[in-house]
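What follows is each chain in one-letter form.
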Amino acid sequence: MTSISPAPDLSWTRKLSRPEDLAAYRNQLIAEQHPDATRILVCCGTGCKALGALDLLAAMKKAVTDANLDVKVAPLVKRTGCHSFCSRGPLLAIQPQDIFYQKLKPSDAAEIVQETIIGGKLIPRFLYKPPGAKHPIEKRSEIPFFAAQTRVVLERVGQIDPFDIRDAIAWGAYNGLVKVLTEMKPKEVIEEMKISKLRGRGGAGFPAGLKWESCARQPGRHYVICNGDEGDPGAFMDASLMEGDPHAVLEGMAIAAYAIGSDRGFIYVRMEYPLAVQTLSNAIRQAEDLGLLGQNILGTGFNFKVSVSTGAGAFVCGESSALMSSLEGKVGRPRPKYIRSTEKGFRDSPSNLNNVETYANVPKIILNGGAWYASMGTERSAGTKVFSLTGNVNNVGLIEVPMGTSLRHIVYDIGGGIPNRKELKAVQTGGPSGGCIPIPKKFLDINVGFGKLAEIGSIMGSGGMIVMDENTCMVEVSRYFIHFLVEESCGQCTPCREGLTQMERILTRITRGEGQEGDIELLEEIGTFTNSFSLCGLGTSAANPVLSTIRYFREEYEEHIRDKKCRAGVCKALYYLEIQPDACTGCGVCKKRCPAKAVTGEKKEPHLIRQDLCIKCMECYRNCKFDAIAIR
Amino acid sequence: MKIIMDGKEVAAEYGQTIFEVARKNGIYIPTLCHVPGLEPAAMCRICTVELTENRRTRLVTSCNYPLRQDAEIHTDTPRLRDGRKLIIELLATRCPDRQVLKELGERYGADLHRFPADDKDCIMCGLCARVCERVGANVLTLSGRGVEITVSTFMGRVVSHCIGCGACAQICPVNAIRIEDRDGYRSVILKGKEASRILLRTCTTCGRSFGPVIDLAPVLERAGEPGVPAFHASVCPACSRRNHAKRILERHFEPYDAAIQSFVDEGRRF
């Protein structure tokens, strides 16, 4: 992989010593940029990076230099954060022409520069073509995936270079901080937050304004802590925010610090997010160099020092008291104390802990007013929410929509529907603590919000959204999540440690075809028990995946236990594959693909699967063009 | 502050835990992981009670819930009994044949063999680790996570900074910890394996081993009495008593004995 020294040297810049200096510096930065300059924004988020985006970035830079362009303004190749259309990476956007190229290779760079930048022509094979459509979409803003979103928190993600604070400032970063430092009293900041009705984006949905207020009321030294320990399987909202726009998070924390009277902040990031740690540390250094963080910020006398602290990969450290223990250097286990962390948290001092996304919302609220924010979304869940849309959906990626958007809109309009002509079966929200929402039944038009999701037995959580098609076995899904939680439970309290272990045992038994009568009732008994007797948030929501799947897919459990049958074709002991003779054309693809040589038959004659040889790898099932292979 | 527990009003001080108030008022709440004097850990969850504060009812663990306002508490509802039963049944997978679980199981109608048994002999109450920290030795700790959580020494090593006080063995509700004195050394035995090994003093008189050779300074510091001279005995308590008795005899009785003897002798002469 090509390594690029990402951070520009800013030590030469003078410190901004007055609040007015920021606006002046911003104007100077904007003036330096030519308005007509072509900007090539290469996505270097974690997903695209894994697909070789850094090589593409280097190749683009080289291609632009090699082309020896005879134009007034040289195109600017920029490394940016996540463009959010992760299933199409590596990708880039060309502004202001509004072009979106996807699935690129480094070798395509020269062609892009020659054809598009110099020649001004589009290259159709790099354009995005929606599944089933005949023609590709030419403009980035017309692609439904982008057009159907409302980007508030993610506004700068994918537009700015996360390693260059100048870019962020040109886009308006730290304006909110200047506003609170010059125009607002801490009390007014908290009032504004209360008006905005912003609720914590980590999952519990506690109103941020109220939390700040109760923290500010406490005596003693205050701490501002940012929870970036995003551990849900299939969630990458916080990662993309920290990687794409670290300054939004830092600015939000600084505003919170001003409001509650703190001078010290910590960002707790999981070690598995090396890029986020890099961008944040770099952003802090650059902001301190410019006098936007650290001692005497912008000459106003307000101090705020932030450090990045990395976790060691324990899921439970996303729980607030475990996070604080871990931050103190102790074992990351939740504290058995009935006391709010706003009263006694980190080092037994009042601490305000919010999620990455919550902090990133704050500058926007300050700049545009709480009423503006409250006007988005629904009455009880204001604003927008970032979701990571994954699973069996065409457009996998990061999306931001106003609260109250229907699941239909998310899955079909933004997500582009289910691949391979499959039926949508369920949507899992909220990670391991959430639940599965059965779709075909009645919930496709449900509006996503804190209250609504809780009503139907799931939670909003931090925003993971896994789409599941008909080939998903709900028993296996709940076994997977319970297994994850058994591994990640801290082991302190009996219900979580022992209860989950027993539940995993029962679920494994069912998926192996050894289920017994009464297993469902037993799961329900242990599940409701762990949910009400456990110590921390992990334990009290741990049984949700099981309880919600039993609630909506009880017949599937019963099939597993009584009929020894897995209709989705996932639990290997509980199904077999069969070729339907009337649908089979005898093309021989299955025979060629089968690694176990279990398919027999002559060309153009219906084939047969020998059950004694079949290893149920599903290779034939996936590759049959005529849907002739059935799960029995 | 008006506290109603199981239907009757009880006296309680601000900040007292529900468990303390219940004990003081003769109301039984079961517990497996709490003893007065140690910081509550709320690990076993069997002391969970139903609490109504500000018209909101929820389940809380009584050992660590401080009462700070009017509250109504129920300590023995069907829901709690069901939960406790399940806790006992689940803990019984770790060690089904322990007296403490049998007694509680009888009380709450638990079937100790409902779930398949595991090969563990400890119910993970964490008392040993907490008492060890409290006495200042810090030898035992809870390590690992999830089902794998165990009581162990640092990195599972055989440690030498144990003070051999035996508090862990004494506090363990399921007798999973043993203290063994053998060949001049004292060891804490966890699950059949030696966890610590410290030298015992050898009596200069009788040659038998007695109390451990330890550095008491950190313990005394923790107890708030730094500077108390360390214990330097070289004679075992039994020999020490014997020697002391002998000294008393020599010093106080033998002179008289002699006098009496001479008196008696003189009397005989007459």
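Here the structure is a predicted model, which means the values were calculated and not measured.

## Observations concerning the overall build of chain B
So, point 1. The number of helices and strands found in chain B is seven helices and eleven strands.
So, point 2. Taking 18 Å as the expected radius of gyration for a compact globule of 270 residues, we find that chain B reaches 27 Å, considerably beyond that expectation.
So, point 3. The principal-axis extent of the C-alpha atoms belonging to chain B is close to 95 × 45 × 40 Å.
So, point 4. Counting every position in chain B, which comprises 270 residues, the buried fraction comes to 34%.

## Looking at the overall build of chain A
So, point 1. Within chain A, the regular secondary structure consists of 25 helices and 18 strands.
So, point 2. Here the C-alpha atoms of chain A give a radius of gyration of 26 Å, agreeing with the 26 Å that 2.2 N^0.38 yields for 632 residues.
So, point 3. The burial tally for chain A puts 54% of its 632 residues in the buried class.

## Description of helix H10 (residues 237-244) of chain A
So, point 1. Within H10(A), eight of the eight residues are buried, which leaves the element mostly enclosed by the surrounding structure.
So, point 2. Restricting attention to buried positions, one finds in H10(A) the residues Met237(A), Asp238(A), Ala239(A), Ser240(A), Leu241(A), Met242(A), Glu243(A) and Gly244(A).

## Here's the deal with the packing of helix H20 (residues 494-511) of chain A against helix H2 (residues 78-91) of chain B
So, point 1. Interhelical geometry of H20(A) versus H2(B) gives an angle of 70 degrees and a closest axis separation of 10 Å. Classed by the angle they form, the pair H20(A) and H2(B) counts as roughly perpendicular. Crossing of H20(A) against H2(B): the hand is left-handed. Where H20(A) approaches H2(B), its residues Thr494(A), Pro495(A), Glu498(A), Gly499(A) and Gln502(A) are matched on the opposing element by Ile87(B), Leu90(B) and Leu91(B).
So, point 2. Of the residues in the contact of H20(A) with H2(B), the class split is four nonpolar, three polar and one charged.

## Focus: the domain arrangement of chain B
All names here are of chain B.
So, point 1. Each domain of chain B was delimited in the assignment, giving domain 1 (3-108) and domain 2 (127-222).
So, point 2. Of note, the centres of domain 1 and domain 2, computed from C-alpha atoms alone, are 30 Å apart.
So, point 3. With nine residues of domain 1 in contact, the opposing surface of domain 2 contributes seven residues.
So, point 4. Grouping the constituent residues of the side of domain 1 that touches domain 2 by class yields seven nonpolar, no polar and two charged.

## Let's talk about the domain arrangement of chain A
So, point 1. Here chain A is partitioned into domain 1 (33-141), domain 2 (165-375), domain 3 (384-469), domain 4 (474-563) and domain 5 (576-631).
So, point 2. Spacing between the C-alpha centres of domain 1 of chain A and domain 5 of chain A amounts to 42 Å.

## Re the sheet that holds strand E11 (residues 209-212) of chain B
All names here are of chain B.
So, point 1. With respect to topology, four strands assemble into an open sheet ordered E8-E9-E10-E11, the strand pairing being antiparallel. Edge strands, defined here as strands with exactly one partner in the open sheet, are strand E8 (177-182) and E11. Within the sheet, the average angular offset between the axes of one strand and its neighbour, ignoring direction, is 35 degrees.
So, point 2. Pairing of strand E10 (residues 193-202) with E11, which is carried by three bridges, proceeds in the antiparallel orientation. By the bridge assignment, Thr202 is partnered in E11 with Ser209.

## A closer look at the sheet that holds strand E12 (residues 424-429) of chain A
All names here are of chain A.
So, point 1. The five strands lie next to each other as E11-E10-E14-E12-E13, forming an open sheet whose pairing is mixed. Across the chains shown, the open sheet's two edge strands, defined by having one partner strand only, are strand E11 (397-402) and strand E13 (435-438). The average angle at which neighbouring strand axes cross in this sheet is 30 degrees, direction not considered.

## Considerations on helix H8 (residues 186-196) of chain A
Residue and element names in this part refer to chain A.
So, point 1. Among all positions in H8, only Val189, Ile190, Glu192, Met193 and Ser196 are buried. For H8, the angular spread of the buried residues around the axis is 155 degrees, confining them to a single face.
So, point 2. Buried residues along H8 sit in contact with helix H7 (175-183), helix H9 (208-217), helix H11 (246-260), helix H14 (356-368) and helix H15 (370-375).
So, point 3. Within two residues after H8, Lys197 carries a phi angle of roughly 60 degrees, on the positive side.

## Looking at the interface of chain B and chain A
It is common to give the size of an interface as the accessible area that goes away when the parts come together.
So, point 1. The interface of chain B with chain A comprises 25 residues on the first partner and 24 residues on the second.
So, point 2. Contributing elements (two or more residues each) for the side of chain B that touches chain A: strand E4 (56-61) and H2 of chain B.
So, point 3. When residues of the side of chain B that touches chain A are assigned to their parent elements, the largest contribution, five residues, is made by H2(B).

## Quick word on the confidence of the model for chain B
So, point 1. Summing up the model confidence of chain B, the mean pLDDT is 89 and the portion of residues at 70 or higher is 97%.
So, point 2. Overall fold confidence for the complex sits at a pTM of 0.90, while the interface term, ipTM, reaches 0.87.

## A few points about the packing of helix H19 (residues 474-488) of chain A against helix H23 (residues 544-563) of chain A
All names here are of chain A.
So, point 1. Interaxial distance between H19 and H23 falls to 8 Å at its minimum, and their mutual angle equals 135 degrees. Put simply, H19 runs oblique to H23. Seen from above, H19 lies across H23 with left-handed handedness. Taken together, the residues of H23 that come into contact with H19 (itself represented by Met474, Val475, Val477, Ser478, Phe481 and Ile482) are Pro545, Val546, Thr549, Phe553, Glu556, Tyr557 and His560.
So, point 2. Across the contact of H19 with H23, the residue classes tally to nine nonpolar, three polar and one charged.

## A short note on the nonpolar core
So, point 1. Val42(A), Met60(A), Val249(A), Met253(A), Ile255(A), Ala256(A) and Cys128(B) are the most contacted members of the largest nonpolar core, which totals 245 residues.
So, point 2. No other element matches the eleven residues that H11(A) contributes to this core.
So, point 3. Look past the residues within four positions of Ala256(A) in its chain and what remains in contact with it is Trp212(A), Val224(A), Asn352(A), Tyr359(A) and Val362(A).
So, point 4. One finds Ala598(A), Val599(A), Cys620(A) and Cys624(A) within the second-largest nonpolar core, a separate group that totals twelve residues.

## Comments concerning the environment of Ala235(A)
All names here are of chain A.
So, point 1. By secondary structure assignment, the location of Ala235 is in the loop between strand E5 (222-228) and H10.
So, point 2. Residue classification places Ala235 among the buried residues on the basis of 21 C-beta atoms within 10 Å.
So, point 3. Along the backbone, Ala235 and Leu104 are 131 residues apart, and their C-alpha atoms lie at a distance of 25 Å.
So, point 4. In this structure, Ala235 is in contact with Glu230, Ser388, Gly431, Ser462, Gly463 and Gly464, ignoring residues within four places of it in sequence.

## What to know about the environment of Gly588(A)
Residues and elements named next belong to chain A.
So, point 1. As for its placement among the helices and strands, Gly588 is situated in the loop between strand E15 (577-579) and helix H24 (589-593).
So, point 2. The exposure class of Gly588 is partly exposed, given the 15 C-beta atoms found within 10 Å.
So, point 3. Considering only alpha carbons, one finds Gly588 and Ser489, 99 residues apart in sequence, at a separation of 48 Å.

## Regarding the confidence of the model for chain A
So, point 1. Looking at chain A, pLDDT values average 91 and 97% of them are 70 or higher.
So, point 2. Per-element averaging of pLDDT across chain A places helix H17 (residues 439-443) of chain A at the bottom with 71 and H11(A) at the top with 97.

## Looking at the pairing of strand E6 (residues 262-270) of chain A
Residue and element names in this part refer to chain A.
So, point 1. E6 sits mainly inside the fold: seven of its nine residues count as buried.
So, point 2. Looking at chain direction, E5 and E6 are connected through six bridges and run parallel. In the strand pairing of E6, Asn227 is matched with Tyr268.

## Comments concerning the environment of Gly569(A)
All names here are of chain A.
So, point 1. Mapped onto the elements of the fold, Gly569 is located in the loop between H23 and E15.
So, point 2. Looking at Gly569, the number of C-beta atoms within 10 Å reads 21, which means it is buried.
So, point 3. Between the C-alpha atom of Gly569 and that of Glu470, which follows or precedes it by 99 residues, the distance is 9.4 Å.
So, point 4. Excluding residues that lie within four positions of it along the chain, Gly569 makes contacts with Asn471, Tyr575, Met618 and Ile631.

So, how was this worked out
- Residues numbered from 1 in each chain as written.
- Chains lettered and ligands numbered in written order.
- Predicted model: local features only at pLDDT ≥ 70, side-chain atom pairs only at ≥ 80, totals over all residues.
- Helix = DSSP H or I, 4+ residues; strand = E, 2+ residues; numbered from the N terminus.
- Rg over C-alpha atoms; globule rule 2.2 N^0.38 Å.
- Buried ≥ 20, exposed ≤ 12 C-beta atoms within 10 Å, placed from the backbone.
- Axes fitted to C-alpha atoms, helices over the stretch in contact; angles between N-to-C directions.
- Parallel < 35°, antiparallel > 145°, perpendicular 65-115°, else oblique.
- Left-handed = near helix turned anticlockwise from the far one by under 90°.
- Contact = placed C-beta atoms within 7 Å.
- Nonpolar A, V, L, I, M, F, W, Y, C, P; charged D, E, K, R; others polar.
- Domains from an automatic or database assignment.
- Pairing = 2+ DSSP bridges.
- Arc of directions from axis to C-beta.
- pLDDT = per-residue confidence, 0-100.
- Core = buried A, V, L, I, M, F, W, Y, C linked by C-beta atoms within 7 Å.

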